[in-house]
Amino acid sequence: MKIKLHVWRQKNAKSPGKMETYSPSDVNPNMSFLEMLDVLNEDLIKKGEDAISFDHDCREGICGSCSMVINGRPHGPSKGTTACQLHMRSFKEGDELFIEPWRAGAFPVVKDLIVDRTPFDRIMAKGGFVSVNTGSAQDANALPISKDLADKSFEAAACIGCGACVAACKNSSAMLFVSAKVSQLALLPQGQPERMRRALGMLRQHDEEGFGACTNTKACEAACPKEISIENIARLNRDFMKATLFYPEHESSANE
Amino acid sequence: MNSWVFKAMKSTIGQKWLMGLSGLFMIFFLLGHMSGNMLIYAGPEAINTYAETLRKFPALLWAFRILSVVALVVHVVTAVVLTKRNRAANPIPYASSAWKGSSWSSRNMGMTGFVILLYIIYHLAHFTWRLTHPELFSELDAFDAYQMVILSFQEPWLVGLYVFATFTVCLHLTHSISSSLQTLGINHPKYNEAIRRLGDFLAIVLFLGFSSIPVAVLLGILS
């Protein structure tokens, strides 16, 4: 099949970028979206041009590396799907596609479609973990947890930290990411001791990184390849206010 | 200035709580306001007695007025601060905006909110401060709310303005109710659907209730 691509090209973080047009001619409908870009890149390299840079790793929808907005939608038109799991059969002969990097002030473009997502790492460092001596694995069911809570925690833990929520949000808010990382632990007994300081620390870092505020448009939920629910954002809102009102913050407990 | 209160007020969620709480207060205000207005259908006696009764308790009336102004100011200030932050957070638009993933009203709360703010100022200048139509009201008794409404809405453009403004309120509210509750942490699969429906229902009821009065006057149903 024949398609027309408009791809964001940007040499580096400092130079201004622009959309460039490509017309790959022999696109197989069974190719994944990233394979289509691979083939296009081989062509570009043969012609002595600079290949299109994009993030990718596992190519099986679990690592969260791929990050491109296709026709205005993070990860493209299929619901609950990462760009690497998207196939060219989702498009029609002659389709015109716009491929752009995640757009957010906190995610500056490194090159072409690659953005710097280290703000997520810094947010995680402010409490997205459980501080216990893990030792060897404990017996299964030593800590009784109801099935529905475990499932809810697992649903939040499905977040792969790709940043599609930020890319979809008109405010570039990372609230869905933060809330998923807060919720996966808040729902389990292991997460309780640090629950309050986690919510405070991670949300403050979120704000510091320059992400916007949530206006509950739900665009993040619609774009999320793991279909994380905004129910988690409500939990973060509750935990943050509970922590603000009742958590005694002093030097040693402030996780900063 | 490093107290926990200040930190909370500076945070995105803290500001959203202020916005949600002040917004919810104003929704209750609107429900009360509309219930009062509906008395106009019971005749001049009913609504004028209501207007007079309100003024018999000046302490209560002023407490409520001050609370309403505080809610409005908090709502507008947090809206401006958050909007500035959100715009700064998202400096480059996409070349393709084919996909939205959200409702029109949820994306345009700032715009509808601004229209409503202008309307509130006009509405106060019209009925409370009586600045816009001095010639109509000069000979009226201070408490003759009924005649004030009837005389005002003889002008079709003013009726149009009021219907447009209350429709904007309706658009704002279709997102407001579920959004403010979500911000306050109220979200559960068991009652989310009910909240969404209640939000739409209240928005429509308020629109129909408020806008029916100027239309009824213009059509001669109220005279």
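In this report, the structure presented in the accompanying data block is examined. (Residues numbered from 1 in each chain as written. Chains lettered and ligands numbered in written order. Predicted model: local features only at pLDDT ≥ 70, side-chain atom pairs only at ≥ 80, totals over all residues. Heavy atoms only, no water.)

Once that is clear, we can look at the overall build of chain B. Helices and strands together make up the secondary structure of chain B, namely 10 helices and zero strands. The linear arrangement of helices and strands in chain B, starting from the amino end, is α-α-α-α-α-α-α-α-α-α. Considering only C-alpha atoms, chain B reaches an extent of 55 × 45 × 35 Å along its principal axes. Counting over 223 residues, chain B shows a buried share of 40%. Once local pairs closer than 6 in sequence are excluded, the contacts in chain B between residues at least 24 apart make up 74%. Accessible area of chain B: about 12400 Å², with a carbon and sulfur share of 72%. Of the side chains in chain B, 15 bear a positive and 9 a negative charge, and the two mean positions are spaced by 26 Å. (Helix = DSSP H or I, 4+ residues; strand = E, 2+ residues; numbered from the N terminus. Buried < 20%, exposed > 50% of the residue type's maximum accessible area, 1.4 Å probe, protein only. Contact = heavy atoms within 4.5 Å. Areas by Shrake-Rupley, 256 points an atom, 1.4 Å probe, with all protein chains shown as cover. Lys, Arg positive; Asp, Glu negative; His and termini not counted. Charge placed at Lys NZ, Arg CZ, Asp CG, Glu CD.)

For the rest of this paragraph, the subject is the overall build of chain A. A count of helical and extended segments in chain A gives eight helices and seven strands. Along the three orthogonal principal directions, the C-alpha set of chain A runs to about 60 × 40 × 35 Å. By residue count, 53% of the 256 residues in chain A fall in the buried class. In chain A, of all internal contacts separated by at least 6 residues, the share reaching a separation of at least 24 is 70%. When the accessible surface of chain A is summed, it comes to about 11500 Å², and 51% of that surface belongs to carbon and sulfur atoms. Taken as two groups, the 31 positive and 33 negative side-chain charges of chain A have centres that lie 3 Å from each other.

Bringing the pattern of salt bridges into the picture now. Pairing of side chains with opposite charge becomes possible as their charged atoms draw close. Residue and element names in this part refer to chain A. Tallied over the entire structure, the rule returns 18 salt bridges over all chains. When the shortest N-O distance is used, the salt bridge between Arg59 and Asp38 registers 2.7 Å. Within this pair, whereas Arg59 is found in the loop between helix 1 (33–46) and strand 3 (69–70), its partner Asp38 is found in helix 1, the two being separated by 21 residues in sequence. Connected via shared salt-bridge partners are Arg9, Asp50, Lys111 and Asp112. (Salt bridge = Lys/Arg side-chain N within 4 Å of Asp/Glu carboxyl O.)

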